[in-house]
Each structure stands twice: as structure tokens, then as C-alpha cells.
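The primary structure of each chain is shown beneath.
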Amino acid sequence: MSVRRLAKEQPETFAFSEDTKAKAEWWIKKYPESRRQSAVIPILWLVQKQEGWVSEPSLRAVGELLGMAYIRVLEVATFYTMFMLEPVGTHALVQVCGTTPCALRGANELLAHCKKRLGPKDHRSAD
């Protein structure tokens, strides 16, 4: 598994939109007060839907909202590949599984085909 890091360039601040804040509160209420940190994944997902990615200021804001240490939120965001740690394109994101079971089922050939059709690893379009 590769190391996932936050983007080098980060925005100065982050603020929840009214809609995102309301949905986050809804998720928090689904858990007992002592387990409110369990809402971290759905709230990170809401942040990503709002911003297109999760930035360091947004991770800090989620931590404050849930009463979690920043490092715990960062651990979740870097563990799950569904969270984008840097700005990404708006039209497509192509990822190919690189685990042993996937490789045995042809992931390497699929990756080679993607590189041939789309270009080298980390290829990004103008958007």
C-alpha cells in the first residue's frame, strides 16, 4: 500500500456550508453522545462533496466538530482511499486496485491498458 499524504498547497481556512453543517449535525445525532466520533467518515464525505477534496483545515474543522484530535481525523482520511487528499478533476477519477488478489485477476493488465489509453500515472487533465 502506498503512503497517502496531504497536498503540499493547502487553503488558509475552511468553513462548513449551511447545508453541510446541517447534514453533519444529522449524522452526529445518529450516535450516542459518547460515540459522536463515529460520524467522522460520513462527515468527511460531506466535506469532500462540498469542496471536492479534504484539506488540512477541513480535517481540523471536522476534529473540532466531533471533539477528536486532528491526528485521529487525519488517520481516517489517509487510510480510506475514497477521500481525496488533493484537488482532483471533476469529470473522472480512475483508480486500479493493486492488491495481490486483484493482480491475480488481471489488474496489472488493466493498469497497463489505462496507462496506454490515458497516459502515465497521476495524469491530470487541464481541469
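Engineer: Before we move on, could you go through a nonpolar patch on the surface and cite the residues and values that matter?
Structural biologist: Nonpolar side chains collect at one region of the surface, where Trp45, Phe79, Tyr80 and Met82 lie side by side and expose about 400 Å² of accessible area between them. Along the chain, the position of Met82 falls in the loop between α4 (70-79) and α5 (100-104).

Engineer: How would you sum up the packing of aromatic side chains? Please name residues and give values.
Structural biologist: Evaluated as defined, the whole model comprises four aromatic pairs. Taking 5.0 Å as the distance between ring centres and 80° as the angle between the ring planes, the aromatic pair formed by Phe14 and Phe16 counts as edge-to-face. Residues Phe14 and Phe16 agree in their burial class; the two are buried. Consider the rings of Trp26 and Trp27, whose centres lie 5.1 Å apart with planes at 85°: the pair is edge-to-face. Overall, Trp27 belongs to the partly exposed group, its relative accessible area being 25%. Between the NZ or CZ atom of Lys30 and the centre of the ring of Trp27, over which it lies, the distance is 5.3 Å.

Engineer: Quick rundown of the side chain of Gln48? Include the residues and the values.
Structural biologist: Within the secondary structure, Gln48 sits in helix α2 (residues 40-51). Once you skip the residues sitting within four places of it in the chain, Gln48 turns out to touch Trp53, Val54, Met82, Phe83 and Met84.

Engineer: I'd like to hear about the pattern of salt bridges, residue by residue, with values.
Structural biologist: Here the structure, examined in full by the defined rule, presents four salt bridges. Linking Asp19 and Lys23 is a salt bridge whose minimum nitrogen-to-oxygen distance equals 3.2 Å. Of the two residues, Asp19 and Lys23 both sit in helix α1 (residues 18-29), four residues apart, roughly one turn of that helix. Its relative accessible area of 38% is what places Lys23 among the partly exposed residues. A salt bridge links Glu33 to Arg36; the shortest N-O distance between them is 3.1 Å.

Analysis parameters
In this numbering scheme, every chain counts its residues from 1 along its sequence in written order. pLDDT decides what is reported in this predicted model: residues at 70 or higher carry local features, side-chain atom pairs at 80 or more are listed and counted, and totals for whole chains, interfaces and linings draw on all residues regardless. Think of the side-chain values as coming from all heavy atoms in the structure, minus any hydrogens and water. What goes into a patch is any residue over 30% in relative accessible area without a salt bridge, connected to like charges within 9 Å or, for nonpolar side chains (Val, Leu, Ile, Met, Phe, Trp, Tyr), within 5 Å. For the accessible areas, the method is Shrake-Rupley and the probe is 1.4 Å, while residue cover comes only from the protein chains on display. Each reported salt bridge corresponds to a side-chain nitrogen of Lys or Arg within 4 Å of a carboxyl oxygen of Asp or Glu. Secondary structure elements are taken from DSSP: a helix is a run of H or I of four residues or more, a strand is a run of E of two residues or more, and numbering for both begins at the N terminus. The pairing test for Phe, Tyr and Trp rings, Trp by its six-membered ring, is centres within 6.5 Å, and the orientation test on the planes gives stacked under 30 degrees, edge-to-face over 60, and tilted for anything in between. Throughout this description, buried means an accessible area under 20% of the type-specific maximum (1.4 Å probe, protein chains only), exposed means over 50%, and partly exposed covers the range between. Only lysine NZ and arginine CZ atoms are considered, and such an atom sits over a ring when it is within 6 Å of the ring centre and within 35 degrees of the ring normal. Only heavy atoms matter for contacts: two residues are in contact if any of them lie within 4.5 Å across the pair.

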